[in-house]
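# Chain and residue survey
Next come the chains, spelled out residue by residue.
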Amino acid sequence: KILVYMPFDEIETIISWLGPIQEYQFYVYCAVDAPKDDGNIHLRPFSRDGFLADQASCSGIICNAGFELLSEAIQGGKKLLVQPLKGQMEQISNAMALEQLGYGEVMDSHDTPLLMRWLTQPNPEPRPYPNVARAVVEWLHSGMLQEQDALARELWAQYA
């Protein structure tokens, strides 16, 4: 089961790209009024609850390179295949970081050979983030005795 969230791509293009790959079930969140299943393509209307349920049960995510979904996938141990939106510097930066850290694959277009290779890769281990908010609150309550850099190193050392 692969979750697909590429809301800026034409749905017909996504269907023609993924449809021939019959070994996988693709759950595509897009602008449809009601769920529609056609072979291995499962179109789903935008729904927070449905999306979260499919995200939890999928083995991988194909999406653009927005920060929040990438972060959730990394924390959940989901493999990622991303296509940054053209001209969006944040998305291009997120994609570069994702690739450099080895947390996912990046494509410039609907690349079938890359997709086929990515589909056969195992899922990574979940990589939970430290609770930075709690640590900062505790740091403030303690009188900020520790240097900021030391606090940051301590938080991230456990996840390196």
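The structure under discussion appears in the preceding block.
Given the structure is predicted, the values throughout are model-derived calculations rather than measurements.

What the chain contains, in helices and strands, is seven helices and seven strands. Burial statistics for the chain: of 160 residues in total, 39% are counted as buried. Counted over contacts in the chain with a minimum sequence separation of 6, partners at least 24 positions apart contribute 52%. For the chain, the exposed area adds up to about 9500 Å²; of that, 55% sits on carbon and sulfur atoms.

The next thing to look at is the nonpolar core. Note that soluble globular proteins tend to have their nonpolar side chains buried in a common cluster. Formed by 20 residues in total, the largest nonpolar core has its most connected members in Val4, Leu18, Phe26, Val28, Ile62 and Leu115. At the level of elements, strand S1 (2-5), helix H1 (11-18), strand S2 (26-29), strand S4 (41-44) and helix H5 (112-119) are the ones that each hand at least two residues to this core. The element that contributes the greatest number of residues to this core is H5, accounting for four residues. Each residue touching Leu115, except ones within four places of it in the same chain, is listed here: Trp17, Leu18, Ile21, Ile62 and Leu81. Core analysis: the next-biggest nonpolar cluster, separate from the first, contains 16 residues, Tyr29, Phe51, Leu69 and Leu70 among them.

The alternating pattern of strand S5 (residues 60-63) places Gly60 and Ile62 on one face and Ile61 and Cys63 on the opposite face, and all of these are buried. The pairing of S1 with S5 spans four bridges and is parallel. By the bridge assignment for S5, Ile2 is matched with Gly60. Examined bridge by bridge, S5 and strand S6 (residues 79-82) share four bridges and lie parallel to one another. For Ile61, the partnering residue across the bridge sits in S6 and is Leu80. Between the parallel pair S5 and S6, the chain is carried across by helix H3 (residues 67-76), and the sense of this crossover is right-handed.

Applying the stated criterion to the full structure yields three aromatic pairs. Summarising the aromatic geometry, the rings of Tyr5 and Phe46 are spaced 6.3 Å apart at their centres and angled 90° between planes, so their arrangement reads as edge-to-face. Residue Tyr5 is located in strand S1, and its partner Phe46 is located in the loop between S4 and helix H2 (48-57); the two are separated by 41 residues in the primary sequence. Owing to a relative accessible area of 29%, Tyr5 belongs among the partly exposed residues under this scheme. Accessibility expressed as a relative area gives 48% for Phe46, which makes it partly exposed. Between the aromatic rings of Tyr29 and Phe51, the centroid separation amounts to 5.1 Å while the plane-to-plane angle is 75°, which identifies the pairing as edge-to-face.

Let us now look at the state of the cysteines. Scanning the entire structure with this criterion turns up zero disulfides. Cys30 carries a free sulfur, and the closest cysteine sulfur to it, the one in Cys63, is 15 Å from it. Given a relative accessible area of 9%, Cys30 falls into the buried group.

Let's shift gears to the pairing of S1. Sheet analysis places S1 next to S2, joined by three bridges and oriented parallel. In the sheet register, Ile2 faces S2, and the bridge partner there is Phe26. Since S1 and S2 lie parallel, the crossover through H1 that links them has a hand, and here it is right-handed.

Now for a nonpolar patch on the surface. Where nonpolar side chains cluster on the molecular surface, the patch consists of Met89, Ile92 and Met96 and spans about 300 Å² of accessible area. The exposure class of Ile92 is partly exposed, given its relative accessible area of 31%.

Judged by pairing direction, the sheet is mixed, and its seven strands sit side by side in the order S3-S4-S2-S1-S5-S6-S7 without closing on themselves. The outermost strands of the open sheet, each flanked by one partner alone, are strand S3 (36-38) and strand S7 (105-106).

Calculation criteria
- Residues numbered from 1 in each chain as written.
- Predicted model: local features only at pLDDT ≥ 70, side-chain atom pairs only at ≥ 80, totals over all residues.
- Heavy atoms only, no water.
- Helix = DSSP H or I, 4+ residues; strand = E, 2+ residues; numbered from the N terminus.
- Buried < 20%, exposed > 50% of the residue type's maximum accessible area, 1.4 Å probe, protein only.
- Contact = heavy atoms within 4.5 Å.
- Areas by Shrake-Rupley, 256 points an atom, 1.4 Å probe, with all protein chains shown as cover.
- Core = buried A, V, L, I, M, F, W, Y, C linked by side-chain atoms within 4.5 Å.
- Pairing = 2+ DSSP bridges.
- Right-handed = clockwise from strand over helix to strand, strands pointing away.
- Phe/Tyr/Trp six-rings, centres within 6.5 Å; stacked < 30°, edge-to-face > 60°.
- Disulfide = S-S within 2.5 Å.
- Patch = residues over 30% accessible without salt bridge, like charges linked within 9 Å, V, L, I, M, F, W, Y side chains within 5 Å.
- Salt bridge = Lys/Arg side-chain N within 4 Å of Asp/Glu carboxyl O.

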